[in-house]
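# Results of the structural survey
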Amino acid sequence: MERLERSGRWLRAALARGPLRRRLPVLLLAIAVLGSALKDSDLVPDTPLQNKRNPLNVYFVKVAWAWTLWLLLPFITLTTYELGRSKLLHGRARSALLVLRRLGALLVGTAVWYLCTELFIYIENLTGECSLQGKPGQPGQPPRLYGSKRECQRDSGVWSGFDISGHCFLLSYCAMMILEELAVLEALALEHSSKLRVVINVLLVSLCSLTMIWVFMFLCTALYFHDFSQKLLGVLIGLGAWYGTYRFWYLKPFSPGLPLPNIPLGSKKYSYSR
């Protein structure tokens, strides 16, 4: 338990502050650019991570939004309710309403994930064509036209289209969203012996570990997969979705709001808004 407490304190200092939230977007862009340069120069050694079936990719990245959603759900609920009760001096009902409002950020995130994923699939289908190797067409019949990657792969074909990196998009978006939500810890003070502090520390360690996995797998994507333009566009869309929500829309009254509500923009504690 003491080790968990020490880990929680260290992570609060390292990850729940403003500087990392400001620097991570630049770091992700740098990884995308430098990783692509190394990939194009054939300077990247062969490792198990270049296999799409590696465990981190299969059990984490493929379901990245599910991991992010189900860890942020209890974290936002507990920290927002406690913040409402202890710092903002709300009653139970008003604190519960604040929780529901803040959970709207997860609904927005789910919509962003779904719409962007569908858009990427549509663009790849729109710009691609199918190549069937070793399968000549039937005599007297025109070659079949394929309208989607799925139809092509069903006939064992290879689809070549503009495949925007969904990994670069989602991993950058999830990492930034987690760091933004951790900002609530700057204003939250809990008793050392409380069970709530233990639960929040467990969630904090889990979310920070998840963020490190997302950044590491973002690096692997930059080194081993996709063309430079596909990765750059993916990370720009991910960062654009983060910026459009947490740095613009969530500052407005009719929105899920920020993790630290009702703090003036000029306040030093409001460092993550800068």
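Okay, so let's go over this structure. As the structure is a prediction and not an experimental result, all values here were calculated from the model. (Residues numbered from 1 in each chain as written. Predicted model: local features only at pLDDT ≥ 70, side-chain atom pairs only at ≥ 80, totals over all residues. Heavy atoms only, no water.)

## Quick word on the pattern of salt bridges
- For the structure on display, the rule yields four salt bridges.
- The residue Arg-102 makes a salt bridge to Glu-181 at a minimum N-O spacing of 2.7 Å. On the criterion of sequence distance, the pair formed by Arg-102 in helix H5 (residues 92-127) and Glu-181 in helix H7 (residues 166-181) is long-range, its members being 79 residues apart.
- Residue class for Arg-102 comes out buried when judged on its relative accessible area of 2%.
- Taking the shortest distance from any N to any O, the salt bridge between Arg-247 and Glu-180 comes out at 3.3 Å. Here Glu-180 lies in helix H7 and Arg-247 lies in the segment after helix H9 (228-246), a separation of 67 residues in the sequence. Each of the two residues, Arg-247 as well as Glu-180, counts as buried. (Salt bridge = Lys/Arg side-chain N within 4 Å of Asp/Glu carboxyl O. Helix = DSSP H or I, 4+ residues; strand = E, 2+ residues; numbered from the N terminus. Buried < 20%, exposed > 50% of the residue type's maximum accessible area, 1.4 Å probe, protein only.)

## Quick look at the environment of Leu-203
- Positionally, Leu-203 belongs in helix H8 (residues 195-224).
- On the basis of relative accessibility, which here comes to 10%, the residue Leu-203 falls in the buried class.
- Along the chain, Leu-203 and Leu-72 lie 131 residues apart, while their C-alpha atoms are 8.2 Å from each other.

## Brief notes about the state of the cysteines
- Going through the model one piece at a time under the given rule, you end up with one disulfide.
- With a sulfur-sulfur separation of 2.0 Å, Cys-130 is cross-linked through a disulfide to Cys-152. Judged by the torsion about the S-S bond (75 degrees), the Cys-130/Cys-152 disulfide is right-handed. Separated by 22 residues along the polypeptide, Cys-130 in strand E1 (residues 129-131) and Cys-152 in helix H6 (residues 149-154) bring together distant segments of the chain. (Disulfide = S-S within 2.5 Å.)

## Looking at the packing of H5 against H9
- Relative to each other, H5 and H9 sit at 150 degrees, their axes nearing to 11 Å. Comparing their axes, H9 and H5 come out roughly antiparallel. Note on packing geometry: the crossing formed by H5 with H9 is right-handed. In this structure, H5 uses Arg-102, Ala-105, Val-108, Val-112, Cys-116 and Phe-120 to contact H9, whose residues at the interface are Ile-237, Ala-241, Thr-245 and Tyr-246.
- Here the residues of the contact of H5 with H9 are counted per class, giving eight nonpolar, one polar and one charged. (Axes fitted to C-alpha atoms, helices over the stretch in contact; angles between N-to-C directions. Parallel < 35°, antiparallel > 145°, perpendicular 65-115°, else oblique. Left-handed = near helix turned anticlockwise from the far one by under 90°. Contact = heavy atoms within 4.5 Å. Nonpolar A, V, L, I, M, F, W, Y, C, P; charged D, E, K, R; others polar.)

## Regarding the packing of H7 against H9
- Running from N to C, H7 and H9 cross one another at 30 degrees; their axes reach a closest spacing of 7 Å. Here H9 runs roughly parallel to H7, going by the angle between their axes. Along this stretch, H7 crosses H9, giving a crossing that reads as right-handed. When H7 is examined against H9, the residues Cys-168, Phe-169, Ser-172, Tyr-173, Met-176, Met-177, Glu-180 and Glu-181 are found in contact with a partner set consisting of Lys-231, Gly-234, Val-235, Ile-237, Gly-238, Leu-239, Ala-241, Trp-242 and Tyr-246.

## A word on a nonpolar patch on the surface
- There is a patch of nonpolar side chains on the surface, built from Val-33, Leu-34 and Phe-228 and spanning about 260 Å² of accessible area.
- Looking at the secondary structure, you find Phe-228 in helix H9. (Patch = residues over 30% accessible without salt bridge, like charges linked within 9 Å, V, L, I, M, F, W, Y side chains within 5 Å. Areas by Shrake-Rupley, 256 points an atom, 1.4 Å probe, with all protein chains shown as cover.)

## Some thoughts on the environment of Ser-206
- Topologically, Ser-206 is positioned in helix H8.
- With relative accessibility at 27%, the residue Ser-206 sits in the partly exposed group.
- Separated by 135 residues in sequence, Ser-206 and Leu-71 place their C-alpha atoms 7.6 Å apart.

## Quick notes on the nonpolar core
- Grouped together as the largest cluster of nonpolar side chains are 64 residues, with contacts concentrated most on Phe-75, Met-177, Leu-182, Leu-185, Trp-214 and Phe-218.
- For this core, the elements supplying multiple residues, two or more each, are helix H2 (18-40), helix H4 (64-86), H5, H7, H8 and H9.
- Per-element tally for this core: the top contributor is H8, with 14 residues.
- When neighbours within four sequence positions are excluded, Trp-214 is seen to be in contact with Phe-60, Val-61, Ala-64, Trp-67, Thr-68, Leu-171, Cys-174, Ala-175 and Ile-178. (Core = buried A, V, L, I, M, F, W, Y, C linked by side-chain atoms within 4.5 Å.)

Function cannot be inferred from these measures alone, as they are strictly geometric.
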